[in-house]
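Working through the structure, step by step
Each chain, written out:
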Amino acid sequence: MLPAIEVRHVWKQFLIRHNRADSLKERFIGLFNQRYRERCEPFWALRDISFTVEHGEALGLIGPNGSGKSTLLRLIARTLYPTKGEIIVRGRVAPMIELGVGFHHELTGQENIYLNASLYGLTRREIDRVYHDIVEFSELGEFIDVPVKNYSTGMYARLGFSIAVHLDPDILLVDEVLAVGDERFQNKCLEKMLELRKQGKTIVFISHIAEIVQRLCDRACLLMQGRMVELGEVSKIIELYRSAAAPRVLTP
Amino acid sequence: MSTIETQPSLFQYRELLKNLVIKDLKVKYRNSFLGFLWSLLNPLMMIIVYSVVLRYILRVQIENFPLFLIIGILPWNLFSGTAIAATEAITGNANLIKKIAFPREVLPLATVLFHVAQFLLALLVFFPALAFLGAPWTPAIALYPLVLLLQVVFTGGVALFLSAIAVAYRDIKYLTEIALMILFWMTPVVYHFSMVPERVRWLFELNPMTAYITAYHDMLYWGRWPDAQMVLLGSLWAVLALGVGSWVFRRRQRLFTEDL
């Protein structure tokens, strides 16, 4: 069986746009006046990243802030495109990069479930099938008929998480979303992730919390300044990360 | 082994398209009982104001002027409303674009369909008015859906183009508003095409909206078959707009996430 995710020599460049001209007016002025012209500074967020993730495998991405973890996750989620190289993803992806994205405040929880799930490409019938599981897992009860603008942050996130895990994904992309809700719900989320893993789902996971990575992931990948430092056994990578990153963070 | 296997198709996301249109309708009309009436007020006021100003002050010689106006103004509002809303179809949904990978065309297309739905509702209400004002019922009306479809396809192309361009140029909305104002007076909505001086008629014929509006007038005001040349012109504009619109959209959409 072909791997779930193949990342092949992926480079990602962002243009940091100084003095950004995002209107015709500014472009026009820029023609005559050097001072108002836009300047672009290239910045390589990822350099030559290659790895594969097999079906049913859980990979942890570890690295300090700005190391390119989130960029990599977004490339796999296809909201960003690589500048060079290619990424092949086989299966339905459920990105849990931020919860509750695409909720509309005026709509009720129920209406948002249908709208949100269709944003991930589910058909009406598929949503009908998982609707009750989503409501039950979210523990929202009667609040499901209330507009989400009246939800608390926790309720909002619970609904978001519940939808994401019920999309019947083959691949889950998780960006530290477990830090939502109260501790009980956090544990419930973690249990759900472990359960999904047992069901053979592929998971790519970003977290700063070593224990969770250790519990959830088979392998881990250490990223620093856009480069892949090492890919291997989780405990080894965590150790490497601590020795490599910590002193740099702590010393002024 | 290509990336096609993971590239979501528009057809697969038909549910999303439907849900986005329903969402817009719900959000617009839920919290106001009068919501729908408000959306009728605008064309109604336009019809009254133009009737008074053009007929009694400027003395335009068009028989049954209110009927003539209704026929042209409703489809014009469909076009102009969609065009303005399209400039915010992508930029107004930055959060969705950045976080979720769905086919981006869905957003401007939902804008188009939302306005079409509103147009059809308005048409339903103004229908008795048409009858009351003595619109001629002839078999020519059978072609109304076809001309409307052509106009919607044309509008769709314009919407794709504007929504994509607006990401790089945020002031395109103001430019669109100005362009629409010029275009409105260059479209035979409040006057006959035949009133346009012969010398500049070619200029008005180049305006895509002229083709559609003239056809509507032919069918519902004059009670005759629409001019074949105008229908042909309207078809060409529809195909051209959709072609150019989707081409520009496809070229630019990869950078939406970074430019928003």
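What you are looking at is a predicted structure, and each value in this text was computed from that prediction instead of being measured.

The rules we used
Residues numbered from 1 in each chain as written. Chains lettered and ligands numbered in written order. Predicted model: local features only at pLDDT ≥ 70, side-chain atom pairs only at ≥ 80, totals over all residues. Heavy atoms only, no water. Pairing = 2+ DSSP bridges. Helix = DSSP H or I, 4+ residues; strand = E, 2+ residues; numbered from the N terminus. Axes fitted to C-alpha atoms, helices over the stretch in contact; angles between N-to-C directions. Contact = heavy atoms within 4.5 Å. Left-handed = near helix turned anticlockwise from the far one by under 90°. Nonpolar A, V, L, I, M, F, W, Y, C, P; charged D, E, K, R; others polar. Core = buried A, V, L, I, M, F, W, Y, C linked by side-chain atoms within 4.5 Å. Buried < 20%, exposed > 50% of the residue type's maximum accessible area, 1.4 Å probe, protein only.

**Let's talk about the sheet that holds strand β6 (residues 171-175) of chain A**
Residue and element names in this part refer to chain A. The strand order across the open sheet formed by six strands is β5-β6-β7-β3-β8-β9, and the pairing between neighbours is mixed. Bordering the open sheet on either side are β5 (93-96) and β9 (227-233), each of which pairs with just one other strand. Between one strand and the next, the sheet's axes are offset by a mean angle of 15°, whatever the strand orientation. Direction of pairing for strand β3 (residues 58-62) relative to strand β8 (residues 219-224): parallel, over a ladder of four bridges. Paired with L61 across the two strands is C221, which belongs to β8. Along the sheet, helix α2 (residues 69-77) makes contact with β3, β5, β6, β7 (202-206) and β8, crossing β6 at roughly 155°.

**Some remarks on the packing of helix α3 (residues 65-86) of chain B against helix α9 (residues 208-222) of chain B**
Residue and element names in this part refer to chain B. It is the contact of α3 with α9, at a shortest axis distance of 9 Å, that shows an interaxial angle of 145°. The crossing of α3 and α9 is right-handed. Contacts between α3 and α9 pair L67, F68, I71, G72, P75, W76 and F79 from the former with M209, I213, Y216, H217, L220 and Y221 from the latter. For the contact of α3 with α9, the class distribution of residues is 11 nonpolar, two polar and no charged.

**Some remarks on the nonpolar core**
Ranked by size, the top nonpolar core spans 60 residues in total, and within it B:Y50, B:Y144, B:F154, B:V190, B:Y212 and B:Y216 carry the most contacts. Contributing elements (two or more residues each) for this core: α2 (35-57), α3, α5 (106-132), α6 (144-168), α7 (172-185), α9 and α10 (228-252) of chain B. Once you skip the residues sitting within four places of it in the chain, B:V190 turns out to touch B:Y50, B:L54, B:I62, B:F65, B:F68, B:L69, B:F184 and B:W185. In terms of nonpolar packing, the next biggest core, distinct from the first, is built from 50 residues, A:V130, B:L16, B:L17 and B:F114 among them.

**What about the sheet that holds strand β4 (residues 84-89) of chain A?**
All names here are of chain A. An order of β2-β1-β4 is seen for the three strands of this open sheet, with the pairing classed as antiparallel. Looking along the sheet, the strands with just one partner apiece sit at the ends: β2 (39-53) and β4. Strand after strand, the sheet turns through a mean of 35° between neighbouring axes, direction not considered. Bridge count between strand β1 (residues 5-18) and β4: five bridges; the pairing is antiparallel. Paired with V7 across the bridge in β4 is I87. Of the strands in this sheet, β1, β2 and β4 touch α2, which is tilted by about 70° from β2.

That's the geometry; what it means functionally is another story.
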